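A closer look at the structure
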Amino acid sequence: MAERIASRTTMVVVILIAAALPLYAPTWVITLFSRALIFASLVLGLQIIAGQAGQISLGHAAFFGLGAYTAAILSRDYGVPFPLAMLAAAAAAAAGGLVMSVAVRVRGVYFAIATLAFGIVVNLLFVNLVDITGGARGFTGIPAAALWSFSIESQGRYYLLVLAVLVLQYASLVRMAGGRFGRALRCIRENELAARSVGIDLVRYKIQAIVAGCAWAGVAGALMTGFLRFASPEMFTLLQSIDAVTMLVVGGIASPLGALVGAVVMSVVTSNMRSLGALATVVDGLLIVLAMMYLPGGLAGLARQLWRRSSWGGRHDRERQLGEGTA
Amino acid sequence: MKIRSNTAMARPVKTAASGAMELGRLSASKLAAFGASALAVAAIAATAFASPALAQQKDIRIGMPAPLSGALANAGTTAREGAQFAIDEINAKGGVNGRKLNLIVVDDKTDPAESTQVVRQFVEADKVDVILNAASSTGTLAHMAVTRAAGPVEVSVLATDPKVTQGDHPYMFVAAANNTQLGEGIADYAAREKGIKKFGVMKLNEAYGQNISKVFADRVKTYGASVTSEQAYAPDTKDFKPLLIAVADSKPDAIFLSGFANDSGLIVKQARELGIDLPFFGTNPLVVPQFAKIAGAAADGVVVSTLYVSAGQTRPKTVAFIKAFNAKLGHDPDVYAAHAYDIVYLIAKVFGDGAGDASSIASQLRHQVNFDGVTGTINFQENGAVKKPISIVEIKGGRPVLIR
Amino acid sequence: MLGATLLGGLAIGSVYSLIALGFTLIFRATGLINFAQGEMATLGALVGYSLVSDLGVPFAAAFPLVMLVGAVASLSIDRLVLRPMRRAGVPEVNMVIATVGLILVISHGAKLIWGAQALSYTEGLASGIVRVGHFVISLQNVAILAVGLVLMLALHLFLHHTRTGRGLRAAATDPLMASLSGIDVNLMRSMTAACAGALGAAAGALLAPMYYASFDIGYIAFKAFCAAVLGGFGNIPGAMIGGLLIGEIETLGSIYISSEYKDAIVYGLLIVLLLARPSGILGGRAWRSA
């Protein structure tokens, strides 16, 4: 009981500190974190597909883009207000996810290739449907976001919007992970044969995971559109899909916390190595290799280990183990 | 002494690799390894967050977002060369009214979102006085929102998409002729002057290619010419033979190249290998040495509209520039380097004339009459675009030679 | 002209095949997808350039050197990065991501050394054309196809008709039994990595003279990866056939179907094929959970 309160308090404190950012930070720091949080939202979606259901998707950027363009087109060309555009973006990306989910008939590396192929095809649509998306020259003139009459034009307000969406997403994912759906997914990830033997409908759950993960990617896309007020196909390619997977695994594939940590850390760190030029990318790659070699559970895994080693965490852990009878 | 401490740092990582790496158990060496990397990361992050007010306040700070990695890395790199060369020249002569020029170059990775963050940091963290914008067109379209309200002024090298100056941005200037002028220039030469009636178009399916092939096609149609076939290709295509066959089958009289040096060089080379000996027309990106290197002998005879080329220059100012540049850097300046050079001198001039804030800089730039740059005479229009004469060059012996 | 194009498709296809073989070999030996395979081609292309165009080494002499460089590079990656991770029991997906990190390290490290510009070879494998009746045949394409096939044949002979080769296969198929029979499984894995690296580097050195060498050639790995999967992942003849097939499909696709969507066709076909025949054309191994 105490542990639940403790971790919930930690969460609230973290959210409050994050929400207070616009008060004490210059705008460029706010936008740095807005972008980081948008990526966190994207990677959290990936975590459902890859982390929980165990299906590595190499086409995640396609849904980021589907959401982005849907929101962009609706808000600029049809005057749809931002919250509705965001929902539509989620729906469009979810629909795309449904299409891609025919690939669940194949597993593992074959599934990964199918998602890679899907991502490339969708990107080509962005590039070639010039009348709809503006093509490779980009989609400009996206209006500022607004919650009905409340304008979210300033960077501080937009950051708070992104934060709010992220908190909602994270909370719902943690709930889902702890609930029946999440447990079923993890069962599937651990051992598909065993999962099937206890009556879990693999295909149905995998499809649901994909659609859910893609829907959230769509939301992230809408957030990116409102943030940048620009979209172009080069932002939604295989490279970005790989970046998403990398952020997830570096952060820790097994939990939503990993997705969050990975996205925020990598996006902030890579942005700040800009002065090093090409060397920065080499360092970036080296950090990824080192993280994979020494932190198999990702950064979140490391955080958890440090937590357990600390006196407070250790006690919490022992109590939990005693309670569960696994000490 | 120094060597020893370096190996001491290296040791924790080595023992971690060969020693215990059990999952779930943190050995001290593993922690040290991670700690070292985390410290390195934190240090790097800290240097970026720390406001770099190390330079004197008197300096004129020029922020330069440039693609140093990604698709346009070539252009970004040479643009930086040109800018730094100009700055070194000016500073050696004492700077501008005693103030030194300070160039801050940051890689925007040819990514629109990154470009936006870079420019924002220039404005707020680095507090630059002016921006020498070497970002791509899409990067610029994304990041212009940051400087639209209150500046600083941006003068662009690469952002030649006409949309950049159609956005009602009071502080945006593009010092290079835009894609419309480039495309129409070569179309005028090929269709009007040379009277060619049927064109095949090789369309590079990204921002520049999509823009310029449309401009070209629309323009040649006004002269009664037609496009017999348009073959689009993805940026990293290397095998063009199937596309060339398709274009050739449509029986054009000439082929238009809408892409960059690497892809266009391969197109021309493979066309000759297939025995297609139609004339080729192209635009600015093909005047770099890369094009002739990749195409080999096939490059000869290709006619290109360009904003600047070093070979065959006769203007004394430009000749002097090329000579000095070559002496210092060992190669001729390319079109991006030359434009970046001119932009630095433009900036120096307006600051020298007393401009300080964004509005005065913008106003002074607009009122510059016939600024004598190495790339030609520069006059800015009201919307920030520049009207410069396009040159037509032909590649002869691997080098571009002025023909118009 | 059709003949020339078909041959060209096969030539590129054989380059894909070589890289695909690298993927397949490593996968069979370790169950791991090593995405850094593409970077072996990058190294092969650039080192080959330095040897041939900078140092004037004749292509025929440079080629085996380039393969050696690839072998050493791949071996180093295996020893320094992958083996320690295997020993620590790190999850497979982590190892795969580590290889993604290596892609960044190698390609941008190459950029620091060789620069961002595309580099042209002064000498290739062969040049010129030959006319056989209606057909115009590029000697370079023929040479590339020939060398590719020779390498694949050599690999096959090595794996099936030499003791070491059989040891490699044994260690890949059943490491436990192999080590019980006295085979040094780690050594076999290292040798497999070396082979894969050599093949990848060869692919780069074959490809680059046709086009150019640059630090970003490695992207070709994704097409090769698709080729390996198409042929049946883990299946060696499958990798060879998959590569040639993808080369041809790409080429034919861009002639006969709209070119904007050329890549979409190849990948769309891939998806359809995978759904129809989930284990690839020749049947491959199921993916162990990752």
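Relevant structure appears above.
Given the structure is predicted, the values throughout are model-derived calculations rather than measurements.

**A look at the sheet that holds strand E1 (residues 60-66) of chain B**
Residue and element names in this part refer to chain B. Judged by pairing direction, the sheet is parallel, and its five strands sit side by side in the order E2-E1-E3-E4-E5 without closing on themselves. Edge strands, defined here as strands with exactly one partner in the open sheet, are strand E2 (101-107) and strand E5 (172-174). Taken over all neighbouring pairs, the strand axes of this sheet differ in orientation by 20° on average, direction set aside. Taken together, the two bridges between E1 and strand E3 (residues 130-133) define a ladder with parallel strand orientation. Looking at the pairing, isoleucine 62 lines up with valine 130 of E3.

**Notes on the nonpolar core**
Among the nonpolar cores identified, the biggest contains 361 residues, and A:Ala40, A:Val43, A:Ile113, B:Ala340 and C:Ala202 are the most heavily contacted of them. Here this core takes 17 residues from helix H3 (residues 27-52) of chain A, the largest share from any one element. A domain split of this core shows at least three residues from each of domain 2 (60-177 + 315-389) and domain 3 (180-306) of chain B. Once you skip the residues sitting within four places of it in the chain, A:Val43 turns out to touch A:Ala244, A:Met247, A:Leu248, A:Ala259, A:Gly262 and A:Ala263.

**Quick notes on the interface of chain C and chain A**
At the junction of the two partners, chain C supplies 40 residues and chain A supplies 36 residues. At the level of elements, helix H3 (59-87), helix H4 (92-114), helix H9 (220-230) and helix H11 (262-276) of chain C are the ones that each hand at least two residues to the side of chain C that touches chain A. With 14 residues, H4(C) is the single largest residue contributor to the side of chain C that touches chain A. A breakdown of the residues in the side of chain C that touches chain A according to their chemical character gives 31 nonpolar, six polar and three charged.

**Side note on the packing of helix H2 (residues 37-54) of chain C against helix H8 (residues 185-210) of chain C**
Residues and elements named next belong to chain C. Running from N to C, H2 and H8 point in directions that differ by 55°, and their axes come no closer than 6 Å. Classified by the angle their axes make, H2 and H8 are oblique. Taken as a pair, H2 and H8 cross one another with a handedness that is right-handed. Listed contacts from H8 to Gln37, Met40, Ala41, Thr42, Leu43, Gly44, Ala45, Gly48 and Tyr49 of H2 are Ala196, Gly197, Gly200, Ala201, Ala202, Ala203, Gly204, Ala205, Leu207 and Ala208. When its residues are assigned to classes, the contact of H2 with H8 shows 12 nonpolar, seven polar and no charged.

**Quick notes on the pairing of strand E13 (residues 391-396) of chain B**
Residues and elements named next belong to chain B. Residues Ser391, Val393 and Ile395 of E13 are buried on one face, while the alternating residues Ile392, Glu394 and Lys396, pointing to the opposite face, are not. Sheet topology places strand E10 (residues 303-306) next to E13; four bridges connect them, and they run antiparallel. The residue bridging valine 303 from the neighbouring strand is glutamate 394, located in E13. Here E13 pairs with strand E14 (residues 399-402) via four bridges, running antiparallel. Bridging across to E14, lysine 396 finds its partner in arginine 399. Between E13 and the antiparallel strand that follows it, E14, lie two residues; glycine 397 among them carries a positive phi value of about 65°.

**Considering unusual backbone geometry**
All names here are of chain B. Residue proline 152 is reached from glycine 151 by a cis peptide bond, and omega for that bond is 5°. Of note in the backbone geometry, lysine 109 takes a positive phi value of approximately 55° without being a glycine. Within the fold, lysine 109 resides in the loop between E2 and helix H4 (112-124). C-beta crowding within 10 Å serves as the criterion here: with 26 such atoms nearby, lysine 109 is assigned to the buried category. A positive phi angle, near 50°, is found at lysine 127, a position not held by glycine.

**Remarks on helix H13 (residues 358-367) of chain B**
Residue and element names in this part refer to chain B. Listing the buried residues of H13 in full gives Ile361, Ala362 and Leu365. Buried residues of H13, seen end-on, are gathered within an arc of 95° and therefore sit on one face of the element. Residues of H13 that are buried sit in contact with E3, E5 and helix H12 (335-352).

**Here's the deal with the sheet that holds strand E9 (residues 280-282) of chain B**
Residue and element names in this part refer to chain B. Spatially, the seven strands line up as an open sheet ordered E7-E6-E8-E9-E10-E13-E14, and their pairing is mixed. Both edges of this open sheet fall to strand E7 (226-233) and E14, since each of them pairs with a single strand only. Within this sheet the neighbouring strands show an average axis-to-axis angle of 25°, counted without direction. Relative to strand E8 (residues 254-257), strand E6 (residues 198-204) is paired through four bridges, and the arrangement is parallel. The residue of E8 that forms the bridge with methionine 202 is leucine 257. In the packing of helix H7 (residues 207-221) onto the sheet, contacts are made with E6, E7 and E8, and the angle to E6 comes to roughly 165°.

Quick notes on the rules
- Residues numbered from 1 in each chain as written.
- Chains lettered and ligands numbered in written order.
- Predicted model: local features only at pLDDT ≥ 70, side-chain atom pairs only at ≥ 80, totals over all residues.
- Pairing = 2+ DSSP bridges.
- Helix = DSSP H or I, 4+ residues; strand = E, 2+ residues; numbered from the N terminus.
- Axes fitted to C-alpha atoms, helices over the stretch in contact; angles between N-to-C directions.
- Core = buried A, V, L, I, M, F, W, Y, C linked by C-beta atoms within 7 Å.
- Buried ≥ 20, exposed ≤ 12 C-beta atoms within 10 Å, placed from the backbone.
- Domains from an automatic or database assignment.
- Contact = placed C-beta atoms within 7 Å.
- Nonpolar A, V, L, I, M, F, W, Y, C, P; charged D, E, K, R; others polar.
- Parallel < 35°, antiparallel > 145°, perpendicular 65-115°, else oblique.
- Left-handed = near helix turned anticlockwise from the far one by under 90°.
- Arc of directions from axis to C-beta.

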